[in-house]
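Okay, here's what each chain looks like letter by letter:
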Amino acid sequence: MSLDLQKILESKRALRRKLAALPIGEKLRMLDALRERELAIRGRALLSDSSVLHEEPAPYRNKSVT
Amino acid sequence: MAIKEVIQAINQMQADGMIERYALGGAVGATFYLEPAATLDVDIFAGFKSDPGSLIVNPQPIFDYLKARGCAMEGEYVVIGGWPVQFLPPGTPLVEEALKESVNKEVDGTQVWVFTAEHLAAIALQTGRAKDKARLLQFIEASALDAARFQSILARHKLLDAWRKFAGQFLTDNP
């Protein structure tokens, strides 16, 4: 363990590269687990609470959807 | 809860003729090129069939199809395999091109269509929210983009000014 910021940043980059290189099936299973964890932390009620500051969905410009 | 169930359901929808070409976009699409990043939903871009004689796209038959197979609706989302899934028509020329040029990948023996890394990055630039910019930076830091292909997409879709602004903000020491 080191408190050298450059080493810390490099180890983070190395971890991201390692994760990116995993087989896609494994990465998608990680997304499943990440979502379950995020829901557990946030709580489902929070997601639908309009008084909570949250990010808007992507404006994909659904020009022709009724 | 499994994204693979979503992929299998979409493939079945395509086989049943409910949708035409489709591709994964958003954070799930980006996971095919980058490290996994937490997301709460799945974006499926799809060519919908319009009603005979109408130019208006109607997604209702898709919702009816999925409801008949036990999927719940949550607002604009259909819940498949525990995941909220949003079906999005290609609403811009960039997304139309991304869908047309999407690539076939395999997940544990299941085929799936995904936007190319360059199109995902260009869409992130065009969409422009904070998390889209963060994703674009991820693509760049991971060297996941073919620079020539990315630049040609930006030029074709008039995104070069947005790119210069982004690069000035995030890719130089003196913004």
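Scope of this entry: the structure provided in the associated data block. If you're wondering where the values come from, they're calculated on a predicted model, not measured in any experiment. (Residues numbered from 1 in each chain as written. Chains lettered and ligands numbered in written order. Predicted model: local features only at pLDDT ≥ 70, side-chain atom pairs only at ≥ 80, totals over all residues.)

1. Looking at the pairing of strand E7 (residues 110-114) of chain B
Residue and element names in this part refer to chain B.
Working step 1: Sheet topology places strand E6 (residues 103-107) next to E7; 5 bridges connect them, and they run antiparallel. Each residue of the ladder has a partner; that of Glu106, found in E7, is Gln111.
Working step 2: Connecting the antiparallel pair E6 and E7 is a turn made up of 2 residues, with Asp108 showing a positive phi of about 50°. (Pairing = 2+ DSSP bridges. Helix = DSSP H or I, 4+ residues; strand = E, 2+ residues; numbered from the N terminus.)

2. Regarding helix H2 (residues 24-42) of chain A
Residue and element names in this part refer to chain A.
Working step 1: Between the first and last C-alpha of H2 there are 26 Å, a value that for 19 residues agrees with the 27 Å anticipated at 1.5 Å per step.
Working step 2: Among the residues of H2, Lys27, Leu28, Leu31 and Arg35 are the ones counted as buried. Along the axis of H2, the buried residues cluster in a sector spanning 95°; they form a single face. Every exposed residue of H2 that faces more than 90 degrees away from the buried side is listed here: Glu26, Ala33, Glu36, Arg37, Ala40 and Ile41.
Working step 3: In the segment just after H2, Gly43 is the residue with positive phi, at about 85°. (Expected span 1.5 Å × (residues − 1). Buried ≥ 20, exposed ≤ 12 C-beta atoms within 10 Å, placed from the backbone. Arc of directions from axis to C-beta.)

3. Examining the environment of B:Asp146
All names here are of chain B.
Working step 1: The topology assignment puts Asp146 in the loop between helix H6 (130-141) and helix H7 (147-156).
Working step 2: Using a count of 13 C-beta atoms within 10 Å as the deciding quantity, one classes Asp146 as partly exposed.
Working step 3: As for Asp146 and Glu118, which are separated by 28 residues in sequence, their C-alpha atoms are 7.0 Å apart.

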